[in-house]
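# Per-entry structural report
Listed below are the residues making up each chain.
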Amino acid sequence: MERIALFPGSFDPFTRGHEDIVLRGLALFDKIIIAVGYNSGKTQRYFPIDFMIDKINDTFKDNPAISVQTYSELTAEFAKKNGANYLLRGLRNTTDFEYENSISQVNRYLNGDLESVFLITSPGLAAINSSIIREVHKYQGDISEFLPYKLS
Ligand code: ADP
């Protein structure tokens with residue numbers, strides 16, 4: 001059976017930290033679906049969803065095992081629909097751990113077939129945080145170092 005993992009997140013924006021988790025995940029899974037969650041109209045994104053989908057597609061264009069989709073439903077349901085039995089997540093610090101600990105238990109309650117798999121961030125990438133990157137960009141700071149693609 002194919003091992004399919006869903007890598008869910010808001011990816012606003014998708015960073016080198018996210019890229020690292022996906023590339024390392026390839027050693028564990030046959031396919032990885034990057035699932036960009038959005039809350040239909042409710043939460044305003046900073047980087048438009050279509051723009052980010054294009055950039056992620058660009059980043060992994062040479063790797064057919066990686067695909068990108070958007071979703072706006074329960075992650076556990078979306079995983080089931082896509083035949084994914086694993087959720088891939090990254091852990092940077094204890095704050096991530098506390099959050100991921102709860103959410104993985106809820107996801108497993110919602111979909112008993114779903115195992116969450118956590119990869120610890122690679123050295124040097126733990127400080128990369130999408131919300132800080134948004135702030136820097138908002139005030140015209142250069143964020144190119146943190147992204148695996150060119151913004152323009
Ligand atoms: P969410 O909106 O669920 O927080 P994010 O898009 O911020 O989603 O992140 C998606 C996943 O990537 C989460 O598991 C998060 O912990 C992980 N992640 C975010 N930044 C990094 C990083 N710099 N290194 C490794 N993992 C990261």
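Summarised in this report is the structure supplied together with it. (Residues numbered from 1 in each chain as written. Predicted model: local features only at pLDDT ≥ 70, side-chain atom pairs only at ≥ 80, totals over all residues. Heavy atoms only, no water.)

## Topic: the nonpolar core
Counting residues in hydrophobic clusters, the biggest one holds 27 residues, and the most contacted among them are F7, F14, V22, I34, I56 and L88. Those elements that provide at least two residues to this core are strand 1 (4–9), helix 1 (16–25), strand 2 (31–37), helix 2 (49–59), strand 3 (66–71) and strand 4 (86–91). With residues near it in sequence (within four places) discarded, I34 still touches F7, F11, F14, V22, I56, F60, I66, S67, V68 and Q69. (Core = buried A, V, L, I, M, F, W, Y, C linked by side-chain atoms within 4.5 Å. Buried < 20%, exposed > 50% of the residue type's maximum accessible area, 1.4 Å probe, protein only. Helix = DSSP H or I, 4+ residues; strand = E, 2+ residues; numbered from the N terminus. Contact = heavy atoms within 4.5 Å.)

## Structural notes on the site of the ligand
In the region of the ligand, 16 residues are neighbours, and S10, F11, G90, L125 and I128 sit closest. In this structure, an oxygen atom belonging to the ligand sits 3.2 Å away from a side-chain N or O atom of H18. Side-chain polar atom of R89 to an oxygen atom of the ligand: 3.1 Å apart, as the coordinates give it. Compared with its free state, where it exposes 550 Å², the ligand has 86% of that area covered by protein. Counting residues per element, the ones that place at least two in the shell around the ligand are strand 1, helix 1, strand 4 and helix 4 (94–110). Of the residues contributing to the shell around the ligand, the split by class is six nonpolar, six polar and four charged. (Near = heavy atom within 4 Å. Polar contact = N/O pair within 3.5 Å; in protein donor to acceptor, adjacent residues only side chain to side chain. Areas by Shrake-Rupley, 256 points an atom, 1.4 Å probe, with all protein chains shown as cover. Nonpolar A, V, L, I, M, F, W, Y, C, P; charged D, E, K, R; others polar.)

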